[in-house]
Amino acid sequence: TGLADNSKLVLLDNGGDALTLAANGAFGFAAPVAFNTAYAVTVSTSPWWQNCSVSNGSGTATADVSGVQVSCVDAQAQVSTLAGSSVQGSADGTGAAASFNDPQALKVDASGNVYVGDTFNHLIRKITPDGVVTTFAGSGTAGSADGTGTLAQFNAPDGLAIDRQGHLYVADSYNNEIRKITPTGVVTTLAGSGTAGAAEGTGTAAQFNNPGGIAVHASGNVY
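So, a few notes on the structure that sits alongside this text. These numbers were taken from a predicted model, which means no experiment stands behind them. (Residues numbered from 1 in each chain as written. Predicted model: local features only at pLDDT ≥ 70, side-chain atom pairs only at ≥ 80, totals over all residues. Heavy atoms only, no water.)

**Here we look at the state of the cysteines**
Just so we agree on the cut-off: Two cysteine sulfurs form a disulfide in these notes if their separation is within 2.5 Å. Going along the chain from the N terminus, every DSSP run of H or I of four or more residues is numbered as a helix, and every run of E of two or more is numbered as a strand. The classification of residues rests on relative accessible area computed with a 1.4 Å probe and restricted to protein chains. Under 20% of the type maximum is buried, over 50% is exposed, and intermediate values are partly exposed.
Per the stated rule, a full pass over the model turns up 1 disulfide. Through a disulfide, C52 is tied to C72; the S-S separation comes to 2.2 Å. One quick way to see it: the torsion about the S-S bond of C52 and C72 is about 110°, and its sign makes the bridge right-handed. Of the two residues, C52 sits in strand β4 (residues 50-55) while C72 sits in strand β6 (residues 69-74), which places them 20 residues apart along the sequence. Per residue, the accessibility class of C52 equals that of C72, and both read buried.

Structure below.
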């Protein structure tokens, strides 16, 4: 019941025998369950905007099984504030004790940590899954210095990207540069002379003009 029109629900019995449903009503799996053996009906795939759950979904088949029910309901978004006080600032802290200044970009690593391009604080901030905010890189003063952690400087960092090794790439907008940060916070300039332009070239021989968006391919190429 409750399955939305033009959507698909995939059920499994005992982890296999996949059954795709596109409408409400009775359903049956193709493979029979042997007498006096276990069955377990689970949801493999729900429509992305719905939550589907199974009741009476497991037991031992001593006769035809007809009591399994699957119910789908529209998902309800749950919105909460992970970090930030809504007051402009640059304070580290947990949850609402932290503050930002016009954050523009977000990227999440494999461990669930969120990296923030805190644009007009000229910082890269890190938020743990528990909402603990620290300054990952940047001194807080606009500049273009390479270095580790707070010894580095940015100027209105905008776009962020992260690769499989956990290196963070920053479109350092007002510096007209692309910066790279290792997982330990070491900041280097990957490309860009610092002067606005459109020159091709290697490293600092290249030029950008207010770069804002950035992405990294699985092969390591940065766009």
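So that's the structure; there's more coming.
**Notes on the sheet that holds strand β5 (residues 58-61)**
For sheets, the rule is that strands pair by backbone hydrogen bonds, running either parallel or antiparallel. Selection criterion: When DSSP locates at least two bridges between a pair of strands, those strands are taken to pair. To get an axis, fit a line to the C-alpha atoms, keeping to the stretch in contact for a helix; angles then go from 0 to 180 degrees between the N-to-C directions.
Reading across the sheet, the 4 strands line up as β2-β1-β3-β5 and stay open at both edges, with antiparallel pairing between neighbours. Each edge of the sheet is formed by a strand with only one pairing partner; in this case those strands are β2 (16-21) and β5. The sheet shows a mean angle of 30° between the axes of neighbouring strands, taken without regard to direction. Strand direction decides the pairing type here: strand β1 (residues 9-13) and strand β3 (residues 37-45), joined by 4 bridges, are antiparallel. Bridging from a neighbouring strand, L12 pairs with T42 of β3.

**Let's talk about the side chain of S173**
Here S173 lies in the loop between β14 (168-172) and β15 (177-181). Taking the relative accessible area as the measure of exposure, S173 reaches 6% and is therefore buried.

**Remarks on the environment of A91**
This is how the line gets drawn: Contact between two residues is taken to exist if any of their heavy atoms lie within 4.5 Å; hydrogens are not considered.
You can see A91 is positioned in the loop between β6 and β7 (93-94). Residue A91 is classed as partly exposed on the basis of its relative accessible area of 34%. Residues A91 and N101 lie 10 residues apart in sequence; the distance between their C-alpha atoms is 10 Å. Look past the residues within four positions of A91 in its chain and what remains in contact with it is A97, A98, S99 and R125.

Remember, this is a structural readout, not a statement about activity or role.
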